[in-house]
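# Chains, contacts and geometry: an overview
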Amino acid sequence: MSDEFAADLGAAAQVAGAKSRPVDGEAVKYAQDLSRSLTFRENVLITLSAVTPASSVFIIMPSVINGIGGASAIAFGVAAIVGVLVAFCYAELSSAFPITGGEYAFVARVLGKPAGFALFGLTLVGGILILGVIASGAGTYLGVLSSSLNANWVGIVVIVATAIIACFGIKANAWVTGAFLLIEVAALVVLALLGFVNVTQPVSVLWEATTSGPGGVLVGASAGLVVSFTATALFAYNGYGTAVYYAEETKQARSTIGRAILWSLAITVAAEFIPLVAVLLGTPSMQKLVGAADPMTYFMEARGGTVLNTIVSLGIAIAIINAVLAIMLQMGRLLYSSARDRTWPDWLGRPLAHVHPRFHTPIAATLVVGAIGALCLWLVPFDVLLIITGGNLLVTYLLVGVAAFVGRLNRTSSRAEYRMPLWPVVPIVMVLATIVIIYENIVADWVPVAVTGALFAIGFPYYFLYLRPRSHDRWTLPNPADEEEQ
């Protein structure tokens, strides 16, 4: 670290803690420290990179195919419908609270600070750990170049490198992630074309729930199992709501952030569902596809050959790196937002609330996220990472749905320029659907849901023991500075 950079960091840290403190008991507006330079299109590019459709197709989707076979199309179709409901709720709440803290920022303002802080803790832990889950996939797909590559160490290098890149300006990162996004979309186009030009399976395969039984023979899978895998499909689509994390860096955010979320979801569903249908209809053998250790690798080699599989695998490795970069940007801003809200003791919170005067990015918060993410991938077994992050999304969606319903009743979301259609049907149906999926996940495997519940509950003691007694100057939760006031 240069002396000039260290001086900038130290000087800014002296005032960072005061930026959102109340004046005469009233909450002030957040200072506009981040660079409001992103266009609507650039926000969508970064958001789609956080979703990373190619990574979802090649890393998450295979587990669904292994579990329920052709009915994967049903799971992803239902997840898309639920995703629309979720996106409507996200869009309205994000329009009302275009704050870089994301979900915790609007849940705390609508449902109360204790619930908001508990969600913040769950989001932060889950987001940092998911960096390790995704980054480890880079080593797997780069293995086509050398079998000696260790997935964990490649993942650690990816996390460290993307943390450094994420420290640069948000506009530069938008174009970097956008360029990578084009590469991963190209890989998905290749996958879809290979399937649709080699259709060999009947359309009825798309609603046949099967899994691999003894000897690799296909056996029927239950409807409940299909519902439980819908949660996995939701996770594969997830990320469109991250548009709000860049709201304070997006021009005309209050009026455009809702559209950014909805467009991101629409593109995500198309980019993932179309290749899925192509693979299911175009596979030479459903039995071999469902029973394969990696269904997508089986399909690519069967329909495109080893060379094409190698080329596409490199594209997927790039997509994974892109996803880690986008999530690094998101988690850095989440940690920065929490420090700006004076969540932590000042010795820790002030540096984390620092925004670099040249790049206008939360460098300290971003580097801390990268360091913790790399350490977790190094020290925590991969299976444990999966368990800890397995049920986080469902709790988040449940709270978002409740907040979208309550926000209109108590008028806390009245500033939203985007209003969802069919309120209150949308949030009510979303909440009910989420509860059903949570129940089926508990039936299938209760451990991830229990771990998620425990992580969520941990936030309450911290809030009541540390933050609430200091509520006069911590977690005052002011509004973001309006653009017209810039």
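Only a predicted model underlies this, so the values are computations on that prediction, with no experimental measurement involved.

## Overview of the overall build of the protein
- Across its full length, the protein carries 18 helices and two strands.
- Relative to the globule expectation of 23 Å for 486 residues, the C-alpha radius of gyration of the protein, 22 Å, shows essentially globular dimensions.
- Across its three principal axes, the protein shows a C-alpha extent of roughly 70 × 50 × 40 Å.
- For the protein, buried positions account for 57% of its 486 residues.
- In the protein, the share of contacts with a sequence separation of at least 24, taken over all contacts with a separation of at least 6, comes to 83%.
- Looking at the protein as shown, the accessible area adds up to about 18,400 Å², and 68% of this sits on carbon and sulfur atoms.
- Charged side chains in the protein number 25 positive and 27 negative. The centres of these two groups are separated by 6 Å.

## Focus: the confidence of the model for the protein
- For the protein, the mean per-residue pLDDT works out to 88, and 92% of the residues sit at or above 70.
- Long-range and interchain partners of residues 1-27, a stretch whose pLDDT sits below 50, account for 41 contacts in this model, where long-range means more than four residues apart.

## A look at the layout of surface pockets
- Of the voids in this model, the second largest pocket is the one considered here, and its volume is about 320 Å³.
- Taken together, 20 residues form the lining of the second largest pocket, with Phe-120, Gly-121, Leu-124, Val-125 and Trp-344 sitting closest to its centre.
- The biggest single contributor to the lining of the second largest pocket is helix α6 (residues 113-142), with eight residues.
- Residue composition of the lining of the second largest pocket, grouped by class: 18 nonpolar, two polar and no charged.

## Re a nonpolar patch on the surface
- A cluster of nonpolar side chains, contributed by Ile-74, Val-78, Val-203 and Trp-207, occupies part of the molecular surface with about 370 Å² of accessible area.
- Checked against the element boundaries, Val-203 lands in the loop between α8 (170-196) and β1 (210-212).

## Digging into the pattern of salt bridges
- Taken as a whole, this structure holds nine salt bridges when the rule is applied.
- For the salt bridge of Arg-340 with Glu-248, the shortest nitrogen-to-oxygen distance reads 2.8 Å. Of this pair, Arg-340 sits in helix α12 (residues 295-340) while Glu-248 sits in the loop between α9 (223-237) and α10 (253-282), placing them 92 residues apart in sequence. Here Arg-340 matches Glu-248 in class, with each residue buried.
- Put simply, Arg-342 and Asp-473 hold a salt bridge, and the shortest N to O gap is 2.8 Å. One end of the pair, Arg-342, is in the loop between α12 and α13 (346-352); the other, Asp-473, is in the segment after α18 (446-467), with 131 residues separating them in the sequence.
- Through salt bridges with shared partners, a single network forms among Arg-342, Asp-346, Arg-350, Asp-473 and Arg-474.

## Digging into the packing of aromatic side chains
- Under the definition given, this model contains 18 aromatic pairs.
- Taken together, a centroid distance of 5.7 Å and an interplanar angle of 20° make the contact between Phe-405 and Trp-423 stacked. One end of the pair, Phe-405, is in helix α16 (residues 392-409); the other, Trp-423, is in the loop between α16 and α17 (425-444), and 18 residues separate them in sequence.
- Residue class for Phe-405 comes out partly exposed when judged on its relative accessible area of 28%.
- For Trp-423, a relative accessible area of 25% puts it in the partly exposed group.
- Taking NZ or CZ as reference, Arg-259 lies 4.4 Å from the ring centre of Phe-40, over its face.
- Between the NZ or CZ atom of Arg-340 and the centre of the ring of Tyr-30, over which it lies, the distance is 3.7 Å.

## Considering helix α4 (residues 72-96)
- Along its 25 residues, α4 runs 35 Å from first to last C-alpha, staying within 8% of the 36 Å computed at 1.5 Å per residue.
- With 20 of 25 residues buried, α4 lies mostly within the body of the structure.

## As for α10
- Spanning 30 residues, α10 covers 42 Å between terminal C-alpha atoms, matching the ideal 44 Å at 1.5 Å per step.
- Of all 30 residues that make up α10, 21 are buried, and the element is covered over most of its length.

## Quick look at the side chain of Thr-210
- Counting through the fold element by element, Thr-210 comes out in strand β1.
- In this structure Thr-210 touches Gly-67, Ile-68, Gly-69, Gly-70, Leu-218, Val-219, Gly-220, Ala-221 and Val-290, once residues within four positions along its chain are discounted.

## Focus on the side chain of Thr-177
- Inspection of the secondary structure assignment puts Thr-177 in helix α8.
- Leaving out residues up to four positions away in the same chain, Thr-177 has contacts with Leu-45, Ile-46, Ser-49, Asn-322 and Leu-325.

## Topic: the packing of helix α3 (residues 53-68) against α4
- Relative to each other, α3 and α4 sit at 125°, their axes nearing to 9 Å. As judged from the angle between their axes, α3 and α4 are oblique. Across the interface between the two elements, Met-61, Val-64, Ile-65 and Ile-68 of α3 pack against Ser-72, Ala-75 and Phe-76 of α4.
- Partitioned by chemical class, the residues of the contact of α3 with α4 number six nonpolar, one polar and no charged.

## Here we look at the environment of Pro-357
- Note that Pro-357 resides in the loop between α13 and α14 (363-379).
- Residue classification places Pro-357 among the partly exposed positions, given a relative accessible area of 46%.
- The sequence separation of Pro-357 and Tyr-418 amounts to 61 residues, and the corresponding C-alpha distance is 32 Å.

So, how was this worked out
- Residues numbered from 1 in each chain as written.
- Predicted model: local features only at pLDDT ≥ 70, side-chain atom pairs only at ≥ 80, totals over all residues.
- Heavy atoms only, no water.
- Helix = DSSP H or I, 4+ residues; strand = E, 2+ residues; numbered from the N terminus.
- Rg over C-alpha atoms; globule rule 2.2 N^0.38 Å.
- Buried < 20%, exposed > 50% of the residue type's maximum accessible area, 1.4 Å probe, protein only.
- Contact = heavy atoms within 4.5 Å.
- Areas by Shrake-Rupley, 256 points an atom, 1.4 Å probe, with all protein chains shown as cover.
- Lys, Arg positive; Asp, Glu negative; His and termini not counted.
- Charge placed at Lys NZ, Arg CZ, Asp CG, Glu CD.
- pLDDT = per-residue confidence, 0-100.
- 1 Å grid on protein atoms, 1.4 Å probe; cavity = no way out; pocket = protein on both sides within 12 Å on 5 of 7 lines; lining within 4 Å.
- Points joined across faces, edges and corners; volume = space filled by probe spheres on them.
- Nonpolar A, V, L, I, M, F, W, Y, C, P; charged D, E, K, R; others polar.
- Patch = residues over 30% accessible without salt bridge, like charges linked within 9 Å, V, L, I, M, F, W, Y side chains within 5 Å.
- Salt bridge = Lys/Arg side-chain N within 4 Å of Asp/Glu carboxyl O.
- Phe/Tyr/Trp six-rings, centres within 6.5 Å; stacked < 30°, edge-to-face > 60°.
- Lys NZ or Arg CZ within 6 Å of the ring centre and 35° of its normal.
- Expected span 1.5 Å × (residues − 1).
- Axes fitted to C-alpha atoms, helices over the stretch in contact; angles between N-to-C directions.
- Parallel < 35°, antiparallel > 145°, perpendicular 65-115°, else oblique.

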